[in-house]
Amino acid sequence: MTGVVEATPTRVVGNRVPDLAPGEEPPLNEPPARSIGESLREVRTARDLLFQMVRRDLATKHAGSVLGFFWSLLTPMLTVAVYATVFWIMGFTPTAGEFKDLPFALFFFGGLVVWNVMNAGLAGGTGSVVGQGFLVRKIYFPRELLPLAVVLSGVVTFLFEFAVLVVFQCILGHYPHWTIVLAVPIIAITALLAFGASLFLSAMNVYFRDLQHFINVALQLLFWAAPIIYDVSLIQQQHPGAVKLLRLNPLTGLLIGFREAVLLGKVPGPWALLYALAWGVVLVLGGWWYFNRHERRMAELV
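Residues numbered from 1 in each chain as written. Predicted model: local features only at pLDDT ≥ 70, side-chain atom pairs only at ≥ 80, totals over all residues. Heavy atoms only, no water.

(A) Looking closely at the packing of aromatic side chains. On inspection of all chains with the given rule, the structure shows twelve aromatic pairs. Their ring planes at 75 degrees and their centres at 5.2 Å tell us that Tyr-83 and Phe-108 sit as a pair that is edge-to-face. Taken together, the residues span a long stretch of sequence, with Tyr-83 in helix α3 (residues 71-90) and Phe-108 in helix α4 (residues 104-126) at a distance of 25 residues. Residue classification places Phe-108 among the buried residues on the basis of a relative accessible area of 0%. Each residue in the set Tyr-83, Phe-104 and Phe-108 is aromatic and connected to the rest through ring pairs, giving one cluster. (Phe/Tyr/Trp six-rings, centres within 6.5 Å; stacked < 30°, edge-to-face > 60°. Helix = DSSP H or I, 4+ residues; strand = E, 2+ residues; numbered from the N terminus. Buried < 20%, exposed > 50% of the residue type's maximum accessible area, 1.4 Å probe, protein only.)

Listed below in structure tokens is the structure:
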């Protein structure tokens, strides 16, 4: 990894090694006490290192496989094909309301690409610090880069999946409108939620290693607790009270807004997006505070 370490372990931020006073021993891996603002400045200084981490995460995700990065596109497409086939055999239509005229495969794919950003951030971000323990023990760098790199890697993968989604909807005759540009802030909010949650989870996982296994179960629950594979209007018809609980999930508004903007050419309602944004800001601020509070012991525990 460029600009991180050569021989003697030193405190490194990006490509910057701070000056030491005469006779002062270089700190091997102990992070300084920092505020969120100072942490943010260090992360900004280490953007070259962050770029290298994102590139490495993308390169190693499917290293050794024949199709390589194409698995990132094939996996969601195969998932959509399996669900569409099963629901077709069962004669079940999981769409209603404003999405009733959309083919189910397009409806599902439109939700899955958003979900994959959150899923990548939570699943990969939880183990990001422990998984890079050899690096954390050896040198100092802003450890927030580890979960952030995983989230950004998921955003890069989303860009390819999004391109496939647009081609797919054009083939099916549902051409995108100018509202497709609203996908940018929606995915930015989704990434913000994923990063905030991954800051909490990656720091907690240093102390509680079972969390890595628990998160896989929790992600399955979260998958069904968000309208990824079904339409909220369908739930509204059968269980109106359950819809109120669904809307407490910030992902609900993001999924509906993304489908409206990209698949229907509608401007999504602002309140659900602002609600999700508020959740994202709270999670990032709280997660960063929690991460910084426990960062000083990470090197000795991983």
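(B) Molecular detail of a nonpolar patch on the surface. On the surface, Trp-271, Leu-274, Leu-277, Val-281 and Leu-285 cluster together to form a nonpolar patch covering roughly 510 Å² of accessible area. With respect to the helices, strands and loops of the structure, Trp-271 is situated in helix α13 (residues 270-294). The class for Trp-271 is exposed, based on a relative accessible area of 69%. (Patch = residues over 30% accessible without salt bridge, like charges linked within 9 Å, V, L, I, M, F, W, Y side chains within 5 Å. Areas by Shrake-Rupley, 256 points an atom, 1.4 Å probe, with all protein chains shown as cover. Salt bridge = Lys/Arg side-chain N within 4 Å of Asp/Glu carboxyl O.)

(C) Local environment of α3. In this model α3 runs 28 Å from its N-terminal to its C-terminal C-alpha over 20 residues, within 8% of the 28 Å that 1.5 Å per residue would give. When α3 is considered as a whole, its buried residues turn out to be Ser-72, Leu-73, Pro-76, Val-80 and Phe-87. Take α3 and look down its axis: the buried residues cluster within an arc of 110 degrees, on one side only. Away from its buried face by more than 90 degrees, α3 exposes Val-82 and Ile-89. (Expected span 1.5 Å × (residues − 1). Arc of directions from axis to C-beta.)

(D) The layout of surface pockets, seen in detail. Volume-wise, the largest pocket comes out at about 620 Å³. In terms of lining residues, the largest pocket is bounded by 27 residues, among which Thr-75, Asn-116, Asn-119, Ala-120 and Glu-161 are the most central. Elements with a minimum of two residues in the lining of the largest pocket: α2 (47-61), α3, α4, α7 (145-171) and α9 (211-224). Per element, the largest residue contribution to the lining of the largest pocket is eight residues, and it comes from α4. A class-by-class count of the residues in the lining of the largest pocket yields twelve nonpolar, twelve polar and three charged. What the second largest pocket holds in volume is close to 320 Å³. Lining the second largest pocket are 16 residues, with Met-118, Leu-122, Ala-197, Leu-222 and Leu-283 sitting closest to its centre. When contributions to the lining of the second largest pocket are tallied by element, the ones reaching two or more residues are α4, α8 (183-207), α9, α12 (250-264) and α13. Taken together, the residues of the lining of the second largest pocket sort by class into 15 nonpolar, one polar and no charged. (1 Å grid on protein atoms, 1.4 Å probe; cavity = no way out; pocket = protein on both sides within 12 Å on 5 of 7 lines; lining within 4 Å. Points joined across faces, edges and corners; volume = space filled by probe spheres on them. Nonpolar A, V, L, I, M, F, W, Y, C, P; charged D, E, K, R; others polar.)

(E) A look at the pattern of salt bridges. Inspection of the entire model under this criterion finds one salt bridge. Residue Lys-266 is joined to Glu-98 by a salt bridge in which the shortest nitrogen-to-oxygen separation is 2.7 Å. With Lys-266 in the loop between α12 and α13 and Glu-98 in the loop between α3 and α4, this pair connects stretches of sequence that are 168 residues apart.

(F) Broad picture of α2. Between its first and last C-alpha atoms α2 spans 21 Å; for 15 residues at 1.5 Å apiece the expected length is 21 Å, and the two agree. On its buried face, α2 is in contact with α6 (133-138) and α7. (Contact = heavy atoms within 4.5 Å.)

(G) Examining the environment of Ser-233 more closely. The topology assignment puts Ser-233 in helix α10 (residues 232-238). Residues Ser-233 and Glu-98, spaced 135 residues apart in sequence, show a C-alpha to C-alpha distance of 8.3 Å.

(H) Main features of the packing of α7 against α12. Running from amino to carboxyl end, α7 crosses α12 at an angle of 50 degrees, the nearest separation of the two axes being 11 Å. For the element pair α7 / α12, the angle class is oblique. Residues Phe-158, Phe-162, Leu-165 and Gln-169 of α7 form the contact with α12, whose own contacting residues are Phe-258, Val-262 and Leu-263. Tallied by class, the residues present in the contact of α7 with α12 amount to six nonpolar, one polar and no charged. (Axes fitted to C-alpha atoms, helices over the stretch in contact; angles between N-to-C directions. Parallel < 35°, antiparallel > 145°, perpendicular 65-115°, else oblique.)

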